[in-house]
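Residue-level structural notes
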Amino acid sequence: MISPCILVCSIDMKTGYCFGCGRTREEIAAWMDYSDMERRELMEILPARLETVERRPRRETRRRRMARERDNA
């Protein structure tokens, strides 16, 4: 199952989005119930959400590392 989780699980109180993945608490809780299509659709909007959170992860996330490696390949 695809998941945007990077194990940085903390919610930005201003936006309601997780600092690590960009999902809301409700989306995180319902993730297992979503279809693959619903998960993919949500994952497409997560990068834009992450731009709105107050704080950024201090380390390179798995998603960013994979994107960097893909871009450099």
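In what follows, the structure referred to is the one given above.
Reference entry: report on the structure contained in this document.

What counts and how
- In every chain, residue numbers begin from 1 and rise along the written sequence.
- Residues qualify for local features only when their pLDDT is at least 70, as the model is predicted, and side-chain atom pairs are given and counted only at 80 or more; totals for whole chains, interfaces and linings, by contrast, use all residues.
- Excluding hydrogens and water, the side-chain figures rest on all heavy atoms present in the structure.
- We count a stretch as a helix when DSSP gives it H or I for four or more residues in a row; a strand needs E for two or more, and each element gets its number in order from the N terminus.
- In this setup the radius of gyration rests on C-alpha atoms only. A globule is expected at 2.2 Å times the number of residues raised to 0.38.
- Throughout, exposure labels follow a simple rule: accessible area from a 1.4 Å probe, protein chains only, divided by the maximum for the residue type, with under 20% read as buried, over 50% as exposed, and the rest as partly exposed.
- Whether two residues are in contact is decided by their heavy atoms: any pair within 4.5 Å suffices.
- Residue-level accessible areas treat just the shown protein chains as cover; the underlying method is Shrake-Rupley with a 1.4 Å probe.
- Counted as positive: Lys and Arg. Counted as negative: Asp and Glu. His and the chain ends are not counted at all.
- Taken as the charge location is NZ of Lys, CZ of Arg, CG of Asp or CD of Glu.
- Two aromatic rings from Phe, Tyr or Trp, using only the six-membered ring of Trp, form a pair when their centres are within 6.5 Å; if the ring planes differ by under 30 degrees the pair is stacked, by over 60 it is edge-to-face, and anything between is tilted.
- Here, over-ring charges are defined by two tests on the NZ atom of lysine or the CZ atom of arginine: distance to the ring centre within 6 Å, and angle to the ring normal within 35 degrees.
- Cysteine sulfur atoms are paired as a disulfide whenever they come within 2.5 Å of each other.

**A closer look at the overall build of the chain**
Helix and strand content of the chain: 3 helices and 0 strands. Rg of the C-alpha trace for the chain: 12 Å, near the compact-globule value of 11 Å for 73 residues, within the 12% margin. Its C-alpha atoms give the chain principal-axis dimensions of about 35 × 30 × 20 Å. Counting every position in the chain, which comprises 73 residues, the buried fraction comes to 27%. Considering only contacts within the chain whose residues lie at least 6 apart along the sequence, 51% involve residues at least 24 apart. Summed over its atoms, the accessible surface of the chain is roughly 5400 Å², and 53% of this surface lies on carbon and sulfur atoms. When the 16 basic and 13 acidic side-chain charges of the chain are each reduced to a single mean position, those positions are 7 Å apart.

**A short note on the packing of aromatic side chains**
Under the criterion given, the structure shown has 1 aromatic pair. Here the guanidinium or amino end of Arg-23 rests over the ring plane of Trp-31, the centre of that ring lying 4.7 Å away.

**Re the state of the cysteines**
Applying the stated criterion to the full structure yields 0 disulfides. Sulfur of Cys-21: no disulfide; nearest cysteine sulfur belongs to Cys-18 and is 3.8 Å away.

By themselves, these figures tell us nothing about what the structure is for.
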